[in-house]
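Commentary on secondary and tertiary structure
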Amino acid sequence: KTAAFLLPLIHKIITGKNNPHAITSLVIVPTRELAIQIAQHLEGLSYFTSVSSIAVYGGGDGNAFVQEKKALSMGADFVVCTPGKMMSHIKMGYVKLDHLQYLVLDEADRMLDMGFFDDIMFIIDHLPKKRQNLLFSATMPPKIRSLAKKILHEPTEINIAISKPPEKIVQQAYLVYEPQKIPLIVHLLKEKKFKTVLVFCSSKLNVKQLT
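Let me begin by describing the structure that accompanies this report. Since this is a predicted model, take the numbers as computed values, not measurements.

Below, the discussion takes up the pattern of salt bridges. Within this structure, the stated rule accounts for six salt bridges. K143 is paired through a salt bridge with D113; the nearest N and O atoms lie 2.7 Å apart. Of this pair, K143 sits in helix α7 (residues 142–151) while D113 sits in helix α5 (residues 108–113); the two residues are 30 residues apart in sequence, bridging distant segments of the chain. A residue is classified by how much of its surface remains accessible, and D113, at 57% relative accessible area, is exposed.

Our focus in this paragraph is the sheet that holds strand β5 (residues 132–135). Strand order in the open sheet formed by five strands is β2-β3-β1-β4-β5, with parallel pairing between adjacent strands. Two strands bound the open sheet, and with one partner strand each, they are β2 (53–56) and β5. When the angles between neighbouring strand axes are averaged without regard to direction, this sheet yields 15 degrees. In the sheet, β2 pairs with strand β3 (residues 78–81) via four bridges, with the strands oriented parallel. Note that in β3 the partner of I54 across the bridge is V79.

Within the structure shown, the criterion is met by two aromatic pairs. Above the plane of the ring of F122 lies K91, whose end atom (NZ or CZ) is 5.6 Å from the centre.

Turning to the packing of helix α6 (residues 117–125) against α7, a few remarks are in order. Running from N to C, α6 and α7 cross one another at 10 degrees; their axes reach a closest spacing of 12 Å. Judged on the interaxial angle alone, α7 and α6 are roughly parallel. For the pair formed by α6 and α7, the contact residues are F117, M121 and I124 on the first element and L147, K150 and I151 on the second. Grouping the amino acids of the contact of α6 with α7 by side-chain chemistry returns five nonpolar, no polar and one charged.

Together, L189, F194, V197 and V199 make up a nonpolar patch on the protein surface, roughly 340 Å² of accessible area in all. Along the chain, F194 turns up in the loop between α8 (181–192) and α9 (204–210). A residue is classified by how much of its surface remains accessible, and F194, at 49% relative accessible area, is partly exposed.

Core analysis: the largest hydrophobic core is formed by 33 residues, its most contacted members being L26, V79, M86 and L105. In terms of nonpolar packing, the next biggest core, distinct from the first, is built from 20 residues, I13, I38, A55 and Y102 among them.

What follows is about unusual backbone geometry. We note that E107 has phi near 55 degrees; this positive angle belongs to a residue other than glycine. One non-glycine residue with positive phi stands out, namely E154, at about 45 degrees. If you trace the backbone, E154 turns up in the loop between α7 and α8.

Let us look at helix α4 (residues 83–91). Of the positions making up α4, those classed as buried are P83, M86, M87, H89 and I90. The buried residues of α4 occupy an angular sector of 160 degrees when projected down its axis, which confines them to one face. In the core, the buried residues of α4 are packed alongside β1 (25–28), β2, α3 (62–74), β3, α5 and α6. Backbone geometry just downstream of α4 places G93 in the positive-phi region, at approximately 90 degrees.

To continue, consider the environment of Q172. The residue Q172 is located in the loop between α7 and α8 in this model. Only 2.7 Å separates the side chain of Q172 from the side chain of Y174, close enough to count as a polar contact.

Moving on, we come to the environment of V186. Counting through the fold element by element, V186 comes out in helix α8. Residues V186 and M87 lie 99 residues apart in sequence; the distance between their C-alpha atoms is 54 Å.

Basis of the calculations
- Residues numbered from 1 in each chain as written.
- Predicted model: local features only at pLDDT ≥ 70, side-chain atom pairs only at ≥ 80, totals over all residues.
- Heavy atoms only, no water.
- Salt bridge = Lys/Arg side-chain N within 4 Å of Asp/Glu carboxyl O.
- Helix = DSSP H or I, 4+ residues; strand = E, 2+ residues; numbered from the N terminus.
- Buried < 20%, exposed > 50% of the residue type's maximum accessible area, 1.4 Å probe, protein only.
- Pairing = 2+ DSSP bridges.
- Axes fitted to C-alpha atoms, helices over the stretch in contact; angles between N-to-C directions.
- Phe/Tyr/Trp six-rings, centres within 6.5 Å; stacked < 30°, edge-to-face > 60°.
- Lys NZ or Arg CZ within 6 Å of the ring centre and 35° of its normal.
- Parallel < 35°, antiparallel > 145°, perpendicular 65-115°, else oblique.
- Contact = heavy atoms within 4.5 Å.
- Nonpolar A, V, L, I, M, F, W, Y, C, P; charged D, E, K, R; others polar.
- Patch = residues over 30% accessible without salt bridge, like charges linked within 9 Å, V, L, I, M, F, W, Y side chains within 5 Å.
- Areas by Shrake-Rupley, 256 points an atom, 1.4 Å probe, with all protein chains shown as cover.
- Core = buried A, V, L, I, M, F, W, Y, C linked by side-chain atoms within 4.5 Å.
- Arc of directions from axis to C-beta.
- Polar contact = N/O pair within 3.5 Å; in protein donor to acceptor, adjacent residues only side chain to side chain.

Pasting the structure below:
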């Protein structure tokens, strides 16, 4: 999914005419973890290009703030941010969004669940009216459709079918007390006679006990 919007935008940037002293693409995500993850993907995908980028999220130190302020005031091809942190920077008055061409809202449903609607609308109010918007959401409840109507202009809607495992794959869940877990696994392994088995445990201690 990340490549679905990063690759076309990277292509647009390296083949188009962009203002080097302005922000071209703004990617808004719900959490710092996702901001870091997308920024890492972006760095990898654009490694052999001149594309510049920065991740803007809360919880950083003074050095991170200086870097963010420099990029937001001098320009960057990509800014990947969380809503609250980006709103804080905008309120300080140095963020250059006049030449923004692309806005991406990733995991929009999660952002609304976390209460970021007002923050997102604040950021959008400071963007140029003419831009391309992309909205990604795992679900499409009424509040997401309402957000889409507010910010998207004659959008193309793409729905991806929910993936299902092949029919031959059996999925089972067992609700048991903690002391019953290992005896249950032993019982299942004896009954089924599997050729190969992969078991995930929640801790090193559980791995040792099960082994």
